[in-house]
Amino acid sequence: MNVFLVHPAAGGTVSSPDQEPPPTSGPDWATIQDSAEFVELRKRLRGFVFPMTVAFLVWYLLYVLLSDYAHDFMSTKVVGNINIGLIFGLLQFVSTFLITSLYVRHANRKLDPVAEKIREDIEGDQQ
């Protein structure tokens, strides 16, 4: 039984489920993924992301644990009504912005040049 995927009257081609789709002339993504440049890009990305994620999660977990189990320490007044718990809480936001700026710097220096080369190679192959 033939099932039409695109109606021929609509200007499409006739195909059935048992026919293979026509080959595409696009990039060979499997080859690109196995290339030395792509492997290096992935290594550089993971070399930044994984350690930074662990560091942030440890920092956040420390804040949560101190808030829960070290009430006296976290309620220690520093200036006026500002205590250590409030400072640590605000430093969570500061660390988020710091990590973001460090990532942008890392990406600009280490990731973007390699990604740009990969992109140029792909676009050059298609022309």
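Please refer to the structure placed before this passage.
Bear in mind that the values here come from a model prediction, so they are computed numbers and not experimental data.

Draft legend 1. Quick look at the pattern of salt bridges. Going through the model one piece at a time under the given rule, you end up with five salt bridges. One salt bridge connects aspartate 121 with lysine 117, and the closest N-O pair in it is separated by 3.0 Å. Of the two residues, aspartate 121 and lysine 117 both sit in helix H4 (residues 84–126), four residues apart, roughly one turn of that helix. Here glutamate 123 ties to arginine 119 by a salt bridge, and the two come within 2.6 Å at their closest N and O atoms. Here glutamate 123 and its partner arginine 119 are both found in helix H4, four residues apart, which amounts to about one turn of the helix. A network of salt bridges, in which partner residues are shared, links Glu37, Lys117 and Asp121.

Draft legend 2. Expanded view of the nonpolar core. Counting residues in hydrophobic clusters, the biggest one holds seven residues: Ile32, Leu41, Ala107, Leu111, Val114, Ile118 and Ile122. Per-element tally for this core: the top contributor is H4, with five residues. With residues near it in sequence (within four places) discarded, isoleucine 118 still touches Ile32, Glu37, Phe38 and Leu41. Of all hydrophobic cores here, the second largest spans five residues; its members include Leu66, Met74, Ile84 and Phe88.

Draft legend 3. Structural detail: helix H2 (residues 36–69). Here H2 spans 49 Å end to end across 34 residues, near enough to the 50 Å set by a 1.5 Å rise per residue. Three or more residues of H2 are buried, namely Leu41, Phe48 and Leu66.

Draft legend 4. Just the environment of glycine 85, in detail. Considering the arrangement of structural elements, one finds glycine 85 in helix H4. Sequence separation between glycine 85 and serine 75 is ten residues; the distance between their C-alpha atoms is 6.1 Å. Non-local contacts of glycine 85, meaning those with residues more than four positions away in its chain, are made with Tyr63 and Met74.

Draft legend 5. A look at the packing of aromatic side chains. Within the structure shown, the criterion is met by three aromatic pairs. A ring pair is formed by phenylalanine 48 and tyrosine 103, whose centres lie 5.6 Å apart and whose planes are at 50°; its orientation type is tilted. Taken together, the residues span a long stretch of sequence, with phenylalanine 48 in helix H2 and tyrosine 103 in helix H4 at a distance of 55 residues. On the basis of relative accessibility, which here comes to 13%, the residue phenylalanine 48 falls in the buried class. Judged by its relative accessible area of 32%, tyrosine 103 falls in the partly exposed class.

Draft legend 6. Highlighting a nonpolar patch on the surface. Together, Val78, Val79, Ile82, Leu86, Ile87, Leu90, Leu91, Phe93, Val94 and Phe97 make up a nonpolar patch on the protein surface, roughly 930 Å² of accessible area in all. Sorting the residues of the nonpolar patch by element identifies strand S1 (77–79) and H4 as the ones contributing at least two each. Ranked by the residues each element gives to the nonpolar patch, the list is headed by H4, at seven residues. Here valine 94 is to be found in helix H4.

Draft legend 7. Representation of the environment of glycine 89. Of note, glycine 89 is situated in helix H4. For glycine 89, a relative accessible area of 13% puts it in the buried group. Separated by 26 residues in sequence, glycine 89 and tyrosine 63 place their C-alpha atoms 7.4 Å apart.

Cut-offs used in this document
- Residues numbered from 1 in each chain as written.
- Predicted model: local features only at pLDDT ≥ 70, side-chain atom pairs only at ≥ 80, totals over all residues.
- Heavy atoms only, no water.
- Salt bridge = Lys/Arg side-chain N within 4 Å of Asp/Glu carboxyl O.
- Helix = DSSP H or I, 4+ residues; strand = E, 2+ residues; numbered from the N terminus.
- Core = buried A, V, L, I, M, F, W, Y, C linked by side-chain atoms within 4.5 Å.
- Buried < 20%, exposed > 50% of the residue type's maximum accessible area, 1.4 Å probe, protein only.
- Contact = heavy atoms within 4.5 Å.
- Expected span 1.5 Å × (residues − 1).
- Phe/Tyr/Trp six-rings, centres within 6.5 Å; stacked < 30°, edge-to-face > 60°.
- Patch = residues over 30% accessible without salt bridge, like charges linked within 9 Å, V, L, I, M, F, W, Y side chains within 5 Å.
- Areas by Shrake-Rupley, 256 points an atom, 1.4 Å probe, with all protein chains shown as cover.

All quantities given are derived from atomic positions and should not be read as evidence of function.
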